[in-house]
Amino acid sequence: MTSDKARVDLRGAPQTMLATLYAKALDADLPEPILGDRYAKDVVARIDYDWRKTTITAARSPAVTTRAAHFDTWAGTFLAAHPDAVVLHVGCGLDARYFRLAPGDGVDWYDIDYPDVAELRRRLLPASEHNHVVSASVTDPAWFAEIPTGRPALMLGEGLTMYLSEQDGVALLRRVLEHCASGELQFDAFNWLGIKSQWSNAVVRRSGATLHWAINGPGDILAAVPGTQLLQWERWFESDTFGQLPRAYRALGRAMSLIPAVANMSQYHRYAF
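Residues numbered from 1 in each chain as written. Predicted model: local features only at pLDDT ≥ 70, side-chain atom pairs only at ≥ 80, totals over all residues. Heavy atoms only, no water.

**Some words on the state of the cysteines**
By definition, a disulfide links the sulfur atoms of two cysteine residues through a covalent bond. The condition is simple: Two cysteine sulfurs form what is called a disulfide whenever their separation falls within 2.5 Å. Only protein chains enter the accessibility calculation, which uses a 1.4 Å probe. A residue is then buried if its area is under 20% of the maximum for its type, exposed if over 50%, and partly exposed in between.
All told, the structure shown has 0 disulfides when counted by the stated rule. As a non-bridged cysteine, C92 has C180 as the owner of its nearest cysteine sulfur, 16 Å distant. For C92, a relative accessible area of 5% corresponds to the buried category.

Right, here's the structure in full:
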């Protein structure tokens with residue numbers, strides 16, 4: 001008898017999405033979940049994969065789910081103010097943010113990722129009239145032809161920028177500003193130390209991925225992408241969801257805060273344009 005589960009054969013950056021997906025699935029079964037994403041749990045159950053390879057455990061899952069919850073909050077704030085928005089969820093992986101936030105029918109949401117990842121999304125996540133799956137590398141300018149203009153736009157890139165080259169990343173952000181009338185850019189980033197210490201990141205190391213783009217603070221973006229205005233910039237341990245982390249993580253955050261380069265290793269960025 002053959003299994004009807006989806007088989008995955010991903011390498012490099014696309015493979016890392018399996019770790020983040022599994023973290024969300026484990027969180028869904030915790031007594032006090034941070035994200036409570038039942039979609040992630042269902043998708044994991046439908047994929048034929050040895051999840052032990054991700055190195056993710058229930059104890060480690062909050063490092064992923066607090067970040068996702070943080071961007072759910074920021075994105076939800078934007079959508080509440082712009083019920084007719086266009087959302088560009090770049091490098092979306094198998095994240096079910098569209099279904100977690102359940103935006104109204106006035107929102108057109110575009111989930112953009114490599115063709116093999118997009119195909120998995122179509123197979124494993126529900127279809128919705130206003131949720132459009134785009135099969136493309138986020139660095140390919142061609143996919144912008146599918147995106148409406150003249151409406152407020154949110155570009156959301158969680159766990160993406162560090163896998164791009166600086167040239168590709170800056171070009172992506174500039175294209176958003178050129179194509180869309182107004183809106184926000186929301187993404188997380190690593191500084192130079194986060195990029196240099198990638199060997200210590202088990203998820204990145206096991207996938208064979210390489211981290212490239214170091215963003216050391218808002219000044220890097222404001223200088224490289226004219227027309228952006230800083231709305232919020234937060235270090236990992238200063239974010240609104242940090243207090244939900246287990247005690248060991250909170251202690252790590254306090255220790256990180258004492259050394260500037262370490263304090264800025266993981267950052268959350270939010271800009272208006």
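**Description of the pattern of salt bridges**
Quick reminder of the rule: Each salt bridge in this description consists of a side-chain nitrogen of Lys or Arg and a carboxyl oxygen of Asp or Glu lying within 4 Å of one another. By the criteria applied, helices consist of DSSP H or I runs no shorter than four residues and strands consist of E runs no shorter than two, each listed in order from the N terminus.
For the structure shown, the criterion picks out 18 salt bridges. Between R100 and D72 there is a salt bridge, and its shortest N-O distance comes to 2.8 Å. Placement of the pair is R100 in helix 4 (residues 97-101) and D72 in helix 3 (residues 62-81), with a sequence separation of 28 residues. Per residue, the accessibility class of R100 equals that of D72, and both read buried. A salt bridge links R97 to D95, with the shortest nitrogen-to-oxygen separation between them at 3.3 Å. Summarising the burial analysis for this pair, R97 and D95 share the class buried. One network of salt bridges, with partners in common, ties together K24, D37, R67, D72, D95, R97, R100, E158 and D188.

**Observations regarding unusual backbone geometry**
Positioned with a positive phi, T55 is a non-glycine residue whose angle comes to about 70°. Tracing the backbone through its elements, the reader meets T55 in the loop between strand 2 (47-48) and helix 3.

**Some remarks on the sheet that holds strand 7 (residues 182-190)**
This is how the line gets drawn: At least two DSSP bridges between two strands are needed for those strands to be called paired. Interaxial angles span 0 to 180 degrees and are taken between N-to-C directions of axes, which are lines fitted to C-alpha atoms, for helices over the stretch in contact. Contact criterion: two residues are considered in contact whenever any of their non-hydrogen atoms come within 4.5 Å of each other.
If you walk across this open sheet you meet the 7 strands as 5-4-3-6-7-9-8, and the pairing is mixed. At either end of the open sheet lies a strand with only one pairing partner, and these are strand 5 (131-135) and strand 8 (229-235). Neighbour to neighbour, the strand axes of the sheet diverge by 15° on average, direction disregarded. Relative to strand 7, strand 6 (residues 152-157) runs parallel, the two being bridged by 6 bridges. Each residue of the ladder has a partner; that of G157, found in strand 7, is F187. Where helix 3 meets the sheet, it contacts strand 3 (86-90), strand 4 (108-113), strand 6, strand 7, strand 8 and strand 9 (266-272), and its direction lies at approximately 170° from that of strand 7. Helix 5 (residues 115-124) rests against strand 4 and strand 5 of the sheet, and its axis sits at about 150° to strand 5.

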